[in-house]
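# Analysis of the macromolecular model
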Amino acid sequence: MINVLVVAAAAPGRPAVLAESMRRLAEAGAAVTLIVGDDLAYSRRYRTMPGTNGQKLWWRAMGDGKLRTAAARADVLVALDAVAVHTVWQLARRHRGADAVLGLTPALRRVEARAAGGMGLRVRRLLVRGPSVGYVREAVARRVKGYGRAAARHATGSAVQGTRLGRVAWSSALTSLPMPARARLPLARRVADGMARAGYADQAGTTLTAAVRRVPQPRRRARFLSTPALNELTAGRIPTYLHEAAAAELADADALLTGPAPGPAAAAVQRAAKLLFHRVLHYDSLTSPAAEDPAAFLAPWHRSATCRALAAPRGRTGRPAPVPKNRPARLLFLYRINDNFLKVLRDRYAARDDVEVRCVNVHADERLESAAIEPQQYAEHVLGGAPDYVAPVAEALRPHLDWADTVFVDWFSPAAGLLTLLDPGSTRVVVRLHSFEVFDIWPQLADLSRVDDLVFVSEHLRRYARSILPGLDEPGGPRTRVLPHPADLNGFARPKPPSARFALGLIGVSAIAKDPRWAIDVLRRLRTEDERYHLLLIGADLRGDTSAAARRYRRAYEEDLAELEPVGAVRRLGQTDDVPRALTEVGTVLSSSVRESFHWGLAEGAASHAVPVVRDWPFFPGAAAQLFPPEWVAADPAAAAARILAATATEEAWRKAGAEAAAHAMATWDQSVTASAYDRLFGVSGLPTN
């Protein structure tokens, strides 16, 4: 019996012809097996393999046991169509004793020849059985290569890197032995991964960066470091080689800056910015590498020729003009999404006959919003390569800019950056910077020569901004002013029931920087003395979806609440439009944040006659005691609990401390005291402003 395997990519279109051919093969003494590609199932290993249709049929055939068995027995291998040729050729390489043909007529001739060959053909088939020499050579090479990879994985893996000898040997080899970059870099990554898995993350980073320093090409160094660094940040970890990765991208940007187009340089700057201003570094963690020494942290950025070109002053054609006497002053409020701190000022000037007010929300204008979310295109435009970028911005903003005497931009966000793309002429430009923007890219991109006044709500924030924005102290830079936000604190002093004496309040818990777990720590200490103490969380709940680091904090926070909420120790009041009403239940107002520019929720709580307790914000040590009475500030949860126990020891003591706090808040921060400074800033009080 002569075994024939017929392989077809799809079911034949003429079944009658196929049936006749099968009959003739059987009459010639053949046992025929027909396998159609449509009936083959992809194995998991080869499901997504790329290739031509013929190669894809072969990937499927490799995983089919019935086909492999039939091929091993076959005397004749037949490709019924062109797509099946590659599969039959691969099978013939593995089974030299079989004849391989295309089509059924040649198959019939091979069957007849084999039938006529008798015993001699059978002996020859036994002698040549097995795979071809070429196939064996390829298989051995693949196996050796596989063994090499396995050996490399073992030699660079965590078992070896967990030993001091292994780490020293590999570090020395990567930094001293001559080898091409295409070998050094992948090997360095494997070694570093092994060190990290063994628990030596710091040494992994040191080894990686030391190896990369041996590579002369800036682009290769940048790509090799920035991708794993960004992956680490995405996983919620801060890589030890973050600085080196960002510096490599900026060096690449500088090398590309003299090229024919600025697009590649702008893209490299954007990649560096994604590392240096990543939210895991500054927003979703309780510490920040930019907090301890901001100038050192951003030194690679400020050294970069490309970044200096982005921040270079483009100047303006005029200086701010005084408000004309024959018409009302024109005041434009510009912001993006968040206008929480504008209400008092907007209402104040909208109610005056001598002021006209306009408000523009960048987010609400499609032309502006599409530009606001593209810092890379912004950078490319400034470097001279995206002339169409600014046209829709000018179309949207120029009429408002030409109308206004003064533009007040709240938050140093994309709104401020977009505005400085335009020459303001004689219009005064005022920007107010809150705390979170100092950890963002937009203050680094904006043209400070087109900002007349940069307003801060606290002195410590101004000091910090000066350390990260060198342009603030250069000729032509904006004047910097510290002006308290004018808060409307009237109406917060409402009666509190005696039970509020034991209630702690935290206003605003949505961001990790608010660190509500610090407040929970204070609560636990208080409840060891008196279980009547409890915590009220006022505002939108903590977000935990912004990064892996935020998710970890959120899980720990939820575990705390799972313990404390069922016994009434913590209550989440959620978002409310009536904060004064919610504060009637609060006897002590906390600021548990790791950083704040001021923390207006604390001022509102103090105005409500709650006892204020302020954490000494870790990002800005000592700053809280400069803004608030020093007795309000606590160095740690133990000191906070001690202050609360003393201030609430009796109802009389608690109400006295609350009244003193309210008097201080009203006399220091209420708009009746602070708003007149903005009158002078905007030139609407008749006083000179130039």
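Residues numbered from 1 in each chain as written. Predicted model: local features only at pLDDT ≥ 70, side-chain atom pairs only at ≥ 80, totals over all residues. Heavy atoms only, no water.

## Structural notes on the overall build of the chain
Scanning the chain from terminus to terminus reveals 34 helices and 16 strands. Here the chain has a C-alpha radius of gyration of 37 Å; the compact-globule value for 690 residues is 26 Å, and the former is much larger. Overall size of the chain, expressed as C-alpha extent along the three principal axes, is 115 × 65 × 60 Å. A burial count over the chain gives 51% of its 690 residues as buried. Distance between charge centroids for the chain: 13 Å, based on 91 positive and 70 negative side chains. (Helix = DSSP H or I, 4+ residues; strand = E, 2+ residues; numbered from the N terminus. Rg over C-alpha atoms; globule rule 2.2 N^0.38 Å. Buried < 20%, exposed > 50% of the residue type's maximum accessible area, 1.4 Å probe, protein only. Lys, Arg positive; Asp, Glu negative; His and termini not counted. Charge placed at Lys NZ, Arg CZ, Asp CG, Glu CD.)

## Examining the packing of helix α11 (residues 218-234) against helix α13 (residues 263-276)
Direction vectors running N to C along α11 and α13 enclose 35 degrees, while the axes themselves pass 10 Å from each other. Crossing geometry of α11 relative to α13 is assigned as left-handed. Between α11 and α13, the residues in contact are Arg 223, Ser 226, Ala 229, Leu 230 and Leu 233 and Arg 271, Lys 274 and Leu 275, respectively. Looking at the contact of α11 with α13, its residues break down into four nonpolar, one polar and three charged. (Axes fitted to C-alpha atoms, helices over the stretch in contact; angles between N-to-C directions. Left-handed = near helix turned anticlockwise from the far one by under 90°. Contact = heavy atoms within 4.5 Å. Nonpolar A, V, L, I, M, F, W, Y, C, P; charged D, E, K, R; others polar.)

## A few points about the sheet that holds strand β13 (residues 570-574)
Spatially, β13-β12-β11-β14-β15-β16 is the arrangement adopted by the six strands of the open sheet, whose pairing is parallel. Unpaired on one side and paired on the other, β13 and β16 (633-634) mark the two borders of the sheet. With four bridges connecting them, strand β12 (residues 534-538) and β13 associate as parallel partners. Its bridge partner being in β13, Ile 538 is matched across the sheet by Gly 574. Contacts from helix α27 (residues 548-564) reach β12 and β13 within the one sheet, and its direction differs from that of β13 by about 115 degrees. (Pairing = 2+ DSSP bridges.)

## Things to note about the sheet that holds strand β10 (residues 479-482)
The six strands lie next to each other as β6-β5-β7-β8-β9-β10, forming an open sheet whose pairing is parallel. Since the sheet does not close on itself, it has two edges, and those belong to β6 (355-361) and β10, each with one partner. Averaged over all pairs of adjacent strands, the angle between their axes in this sheet comes to 20 degrees, without regard to strand direction. As defined by bridge partners, strand β5 (residues 329-335) adjoins strand β7 (residues 406-410) across four bridges and the pair is classed as parallel. What sits directly across from Leu 334, in β7, is Val 409. Packing of helix α22 (residues 390-403) onto the sheet brings it into contact with β5, β6 and β7, and relative to β6 it is tilted by some 160 degrees.

## Things to note about the confidence of the model for the chain
Residues of the chain with pLDDT of at least 70 account for 92%, and the chain-wide mean is 88. The low-confidence segment residues 143-148 (pLDDT under 50) makes zero contacts with residues lying over four places distant or belonging to another chain. Low pLDDT, under 50, characterises residues 686-690; the predicted model gives this stretch eleven contacts beyond four residues in sequence or across chains. (pLDDT = per-residue confidence, 0-100.)

## Brief notes about the packing of aromatic side chains
The tally for this structure, following the rule as stated, stands at 23 aromatic pairs. Their ring planes at 75 degrees and their centres at 5.2 Å tell us that Phe 502 and Tyr 533 sit as a pair that is edge-to-face. In this pair, Phe 502 sits in the loop between β10 and β11 (503-507) while Tyr 533 sits in the loop between α26 (516-527) and β12, placing the two residues 31 residues apart along the sequence. Classification of Tyr 533 as buried rests on a relative accessible area of 3%. Taken together, a centroid distance of 5.3 Å and an interplanar angle of 65 degrees make the contact between Phe 598 and Phe 628 edge-to-face. (Phe/Tyr/Trp six-rings, centres within 6.5 Å; stacked < 30°, edge-to-face > 60°.)

## Concerning the pattern of salt bridges
Where side chains of opposite charge bring their charged atoms close, a pairing between them can arise. Summed over the entire model, instances satisfying the criterion amount to 49 salt bridges. Between Asp 473 and Arg 466 there is a salt bridge whose closest N-O contact spans 3.2 Å. Across the pair Glu 565 and Arg 572 runs a salt bridge whose closest N-O atoms are separated by 2.9 Å. On the basis of relative accessibility, which here comes to 28%, the residue Glu 565 falls in the partly exposed class. Since its relative accessible area comes to 32%, Arg 572 is described here as partly exposed. Shared partners join several salt bridges into a network, and the residues in it are Arg 219, Arg 223, Glu 249, Asp 252 and Arg 271. (Salt bridge = Lys/Arg side-chain N within 4 Å of Asp/Glu carboxyl O.)

## Quick word on the environment of Ala 663
Examined against the element boundaries, Ala 663 turns out to sit in helix α32 (residues 651-669). With relative accessibility at 48%, the residue Ala 663 sits in the partly exposed group. Taking C-alpha positions, Ala 663 is 29 Å from Val 570, a pair spaced 93 residues apart along the chain.

## A short note on helix α3 (residues 65-73)
Buried within α3 we find Leu 67, Ala 70 and Ala 71. Projected onto a plane normal to the axis of α3, the buried residues spread over an arc of 100 degrees and lie on a single side. Tucked inside the fold, the buried residues of α3 contact β1 (2-8), β2 (30-36), α2 (53-62), β3 (76-79) and α4 (85-94). Its side-chain oxygen placed 3.3 Å from the backbone nitrogen of Lys 66, Asp 64 serves as the N-cap of α3. (Arc of directions from axis to C-beta. Polar contact = N/O pair within 3.5 Å; in protein donor to acceptor, adjacent residues only side chain to side chain.)

## A look at the pairing of β3
Neither face of β3 is open: one carries Val 76 and Val 78, the other Leu 77 and Ala 79, and all of them are buried. In terms of strand pairing, β1 meets β3 through four bridges, oriented parallel. When the sheet's bridge partners are listed, Val 7 is paired in β3 with Ala 79. Pairing of β3 with strand β4 (residues 99-102) involves four bridges; the strand directions are parallel.

## Examining the pairing of β12
Burial runs high along β12: five of the five residues are buried. Side chains His 534, Leu 536 and Ile 538 of β12 all project onto a buried face; the interleaved residues Leu 535 and Leu 537 project onto the opposite face, where all are buried too. Relative to β12, β11 is paired through five bridges, and the arrangement is parallel. Residue Leu 506 lies in a different strand from β12, and its bridge partner there is Leu 537. Tracing the backbone out of β11, into α26 and back to the parallel element β12 gives a crossover that is right-handed. (Right-handed = clockwise from strand over helix to strand, strands pointing away.)

## A short note on the environment of Ala 364
Mapping Ala 364 onto the fold places it in the loop between β6 and α20 (366-372). It is 45 Å that separates the C-alpha atoms of Ala 364 and Leu 208, two residues lying 156 residues apart in sequence.

## Some points on the nonpolar core
If you look at the biggest cluster of nonpolar residues, it comprises 129 residues, and the most contacted ones within it are Trp 301, Leu 334, Leu 418, Phe 628 and Trp 669. Looking at this core, the element that brings in the most residues is α13, giving eight residues. Leaving out residues up to four positions away in the same chain, Phe 628 has contacts with Phe 598, Leu 602, Val 614, Trp 617 and Trp 669. Among the nonpolar cores identified, the runner-up in size contains 28 residues, and Ile 512, Val 522, Leu 523 and Leu 526 belong to it. (Core = buried A, V, L, I, M, F, W, Y, C linked by side-chain atoms within 4.5 Å.)

## Description of α26
Compared with an ideal rise of 1.5 Å per residue, which puts twelve residues at 16 Å, α26 spans 17 Å between its outermost C-alpha atoms and is within 8% of the ideal. Within α26 the residues assigned to the buried category are Pro 516, Trp 518, Ala 519, Ile 520, Val 522, Leu 523, Leu 526 and Arg 527. (Expected span 1.5 Å × (residues − 1).)

## Overview of unusual backbone geometry
Despite not being glycine, Ile 337 shows a phi value in the positive range, around 70 degrees. Tracing the backbone shows Ile 337 in the loop between β5 and α19 (343-350). For Ile 337, a relative accessible area of 48% translates into the label partly exposed.

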